[in-house]
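One-letter residues, chain by chain:
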Amino acid sequence: MDTSAYSEYSEYMDDVNNSEGFYVTPSRDGSEFPGGIRHVGDYSGDDYRKAKCAAVFAVEEHNKKEGEKGSLVFKRIVNLNVEPAAGAIYYITMAAADVSGKLFHYQAKVWKKINTGYQVLIFRLAPYWLKFSGN
């Protein structure tokens, strides 16, 4: 591995470790690491449609778990990363409204398993979120 490739991989792994996969800086040349987490910038493609289903599922699971005090309404995805893994793991930062209509940003890590459906691995308030054009 040459020095620049090692440097990019090291930066990628720092991003993955520090953000738990929710914010990963694309490589300088736009390439992806095979099997790695990648940013989804096309909010009209198949990845987005599948991730939106995963996000709605995560909100519904949160609402079931929390009862009335946890009643949220999914609004939109504000950042999306995906990782291939016997299906796909979606790292979703989303806007959701509480019962008063106030928007908050949440992070959900949802595994879409090949034959068994969704599993919510993380659901929490987002510690921070990045604005991307087009959102």
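Structure shown above.
Since this is a predicted model, take the numbers as computed values, not measurements.

Section: the packing of aromatic side chains
Okay, step 1: Enumeration according to the criterion identifies 3 aromatic pairs in this entry.
Okay, step 2: Here the guanidinium or amino end of K113 rests over the ring plane of W111, the centre of that ring lying 4.7 Å away.

Some thoughts on the sheet that holds strand β5 (residues 117-125)
Okay, step 1: The sheet built from 5 strands is open, its strands ordered β1-β2-β3-β4-β5 with antiparallel pairing. Looking at strand neighbours, the two that pair on one side only are β1 (38-39) and β5, the edges of this open sheet.

Quick notes on unusual backbone geometry
Okay, step 1: A positive phi angle is found at A86, which is not glycine, with a value near 45°.
Okay, step 2: Along the chain, A86 falls in the loop between β2 (73-84) and β3 (87-97).

Describing the nonpolar core
Okay, step 1: Core analysis: the largest hydrophobic core is formed by 20 residues, its most contacted members being I77, L80, Y90, I92 and M94.
Okay, step 2: For this core, the secondary structure elements donating two or more residues are α2 (46-66), β2, β3 and β4 (103-113).
Okay, step 3: In terms of residue count, the dominant contributor to this core is α2 (6 residues).
Okay, step 4: Listed in part, the 9 residues of the second largest apolar core include V16, F22, I89 and I122.

Reading the values: rules and limits
- Residues numbered from 1 in each chain as written.
- Predicted model: local features only at pLDDT ≥ 70, side-chain atom pairs only at ≥ 80, totals over all residues.
- Heavy atoms only, no water.
- Phe/Tyr/Trp six-rings, centres within 6.5 Å; stacked < 30°, edge-to-face > 60°.
- Lys NZ or Arg CZ within 6 Å of the ring centre and 35° of its normal.
- Pairing = 2+ DSSP bridges.
- Helix = DSSP H or I, 4+ residues; strand = E, 2+ residues; numbered from the N terminus.
- Core = buried A, V, L, I, M, F, W, Y, C linked by side-chain atoms within 4.5 Å.
- Buried < 20%, exposed > 50% of the residue type's maximum accessible area, 1.4 Å probe, protein only.

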